[in-house]
Amino acid sequence: EDDVYQELNYGAYKPVSVKYFDQHQRVLHCSSFSKTLGMGARVGWVFAGPFSDAIQHLQLMSTLTVSPLLQNALVDFLSHHHYEKHLRHLKQQLEKYKQKFYQELKARLDSVCEIYYYSSGYFLWIKLPEQLDGQVLYEQLIQYNIAIAPALLFKPEHTSQNYIRLNCSFDWTSEIENAVDVLAKVILNHAKSAD
């Protein structure tokens, strides 16, 4: 179970992990500090139960070691409860940013797209008009230096690809607003041409 966004839930209740239901010790529950402290942290953990020895061996063979300095700094940060304070602040910021993106996208695209808001993480999923492939949209937007994640990264090729995932972990600036305007314009143009 890849649970790297578990700490970024700002809903009233944190969802129960799949590991909670694991009666036979078959689920490996993995997480990381890279989503909450920054990708440079490169420190994570796995609850592997009976597979712990094998996992430790594979880790040793693949990366040899993690920086002891980084590990010690993380232990100090966690043990003095700075992490909980950091998480509260981070979740407030991300929720604010994500709400702003959601409102702005709804205002521009509500007539042609479904926008899915979940109370965790910093992504929005957008269901595009049926005929618009997320990969095609990605290729058009990258020409404007606008990056989105097409459904192809998350779903098998033979399924519907008219979804994209949008990173909303940024403060709303004029540059972001311009990028969202371009995104909306390209989507709306596709929707009109299909009519």
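Values in this document were obtained by computation on a predicted structure and should not be read as measured data.

Asks: Which parts of the structure should I look at to understand the pattern of salt bridges?
Replies: Think of it this way: side chains of opposite charge can pair up when their charged atoms draw near. Enumeration over the complete set of coordinates arrives at eight salt bridges. A salt bridge links arginine 108 to glutamate 104; the shortest N-O distance between them is 2.6 Å. A residue pair is termed a helical-turn pair when its members lie 3 or 4 positions apart in one helix, as arginine 108 and glutamate 104 do in helix α3 (residues 82-109) at four residues. With a relative accessible area of 18%, arginine 108 lands in the buried category. According to the relative accessible area criterion, glutamate 104 is buried, its value standing at 17%. Among the charged side chains, a salt-bridge network with shared partners connects Lys100, Glu104, Arg108, Glu177 and Asp181.

Asks: What exactly am I supposed to notice about the side chain of lysine 98 here?
Replies: By the element assignment, lysine 98 lies in helix α3. Despite its burial, lysine 98 pairs with no opposite charge; the closest candidate is glutamate 95, at 8.8 Å N-O. With residues near it in sequence (within four places) discarded, lysine 98 still touches Tyr10, Tyr117, Tyr118, Ser120, Gly121, Tyr122, Phe123, Leu124 and Cys168.

Asks: Where do I start with helix α4 (residues 134-142) in this structure?
Replies: An α-helical turn contains 3.6 residues, so any two residues separated by three or four positions project in the same direction. Every buried residue belonging to α4 is among Gly134, Leu137 and Leu141, and all of these are buried. Take α4 and look down its axis: the buried residues cluster within an arc of 60 degrees, on one side only. Summarising the contacts, the buried residues of α4 are in contact with β5 (149-150), β6 (163-167) and α5 (174-194). The residue sitting at the N-terminus of α4 and contributing the capping side-chain oxygen is aspartate 133; that oxygen lies 2.7 Å from the backbone nitrogen of glutamine 135.

Asks: Explanation requested: the sheet that holds strand β4 (residues 123-127) in the structure shown.
Replies: One key point about sheets: their strands pair by backbone hydrogen bonds, in either a parallel or an antiparallel sense. With antiparallel pairing, four strands are arranged side by side in an open sheet as β3-β4-β6-β5. Only two strands of the sheet have a single neighbouring strand rather than two, namely β3 (114-116) and β5. Inspection of the sheet shows β4 paired to β6 by five bridges, in the antiparallel sense. For tryptophan 125, the partnering residue across the bridge sits in β6 and is arginine 165. Running over the sheet, α3 touches β3, β4 and β6 and is turned about 20 degrees from β4.

Asks: In this structure, what is going on with the packing of aromatic side chains? I would like to understand it.
Replies: Between two aromatic rings, the relevant description is the distance of the centres plus the angle of the planes. On inspection of all chains with the given rule, the structure shows nine aromatic pairs. Considering the side-chain rings of tyrosine 122 and phenylalanine 123, the 4.7 Å spacing of their centres and the 40 degrees angle between planes classify their relative orientation as tilted. An identical accessibility class is assigned to tyrosine 122 and phenylalanine 123; each is buried. Aromatic ring contacts, followed pair by pair, group Tyr5, Tyr122 and Phe123 into a single cluster. The positively charged end of lysine 98 is found above the aromatic ring belonging to tyrosine 117, 4.9 Å away from the centroid. We note arginine 165 situated over the ring of phenylalanine 123; from NZ or CZ to the ring centre the distance is 3.6 Å.

The rules we used
Residues numbered from 1 in each chain as written. Predicted model: local features only at pLDDT ≥ 70, side-chain atom pairs only at ≥ 80, totals over all residues. Heavy atoms only, no water. Salt bridge = Lys/Arg side-chain N within 4 Å of Asp/Glu carboxyl O. Helix = DSSP H or I, 4+ residues; strand = E, 2+ residues; numbered from the N terminus. Buried < 20%, exposed > 50% of the residue type's maximum accessible area, 1.4 Å probe, protein only. Lys, Arg positive; Asp, Glu negative; His and termini not counted. Contact = heavy atoms within 4.5 Å. Arc of directions from axis to C-beta. Polar contact = N/O pair within 3.5 Å; in protein donor to acceptor, adjacent residues only side chain to side chain. Pairing = 2+ DSSP bridges. Axes fitted to C-alpha atoms, helices over the stretch in contact; angles between N-to-C directions. Phe/Tyr/Trp six-rings, centres within 6.5 Å; stacked < 30°, edge-to-face > 60°. Lys NZ or Arg CZ within 6 Å of the ring centre and 35° of its normal.

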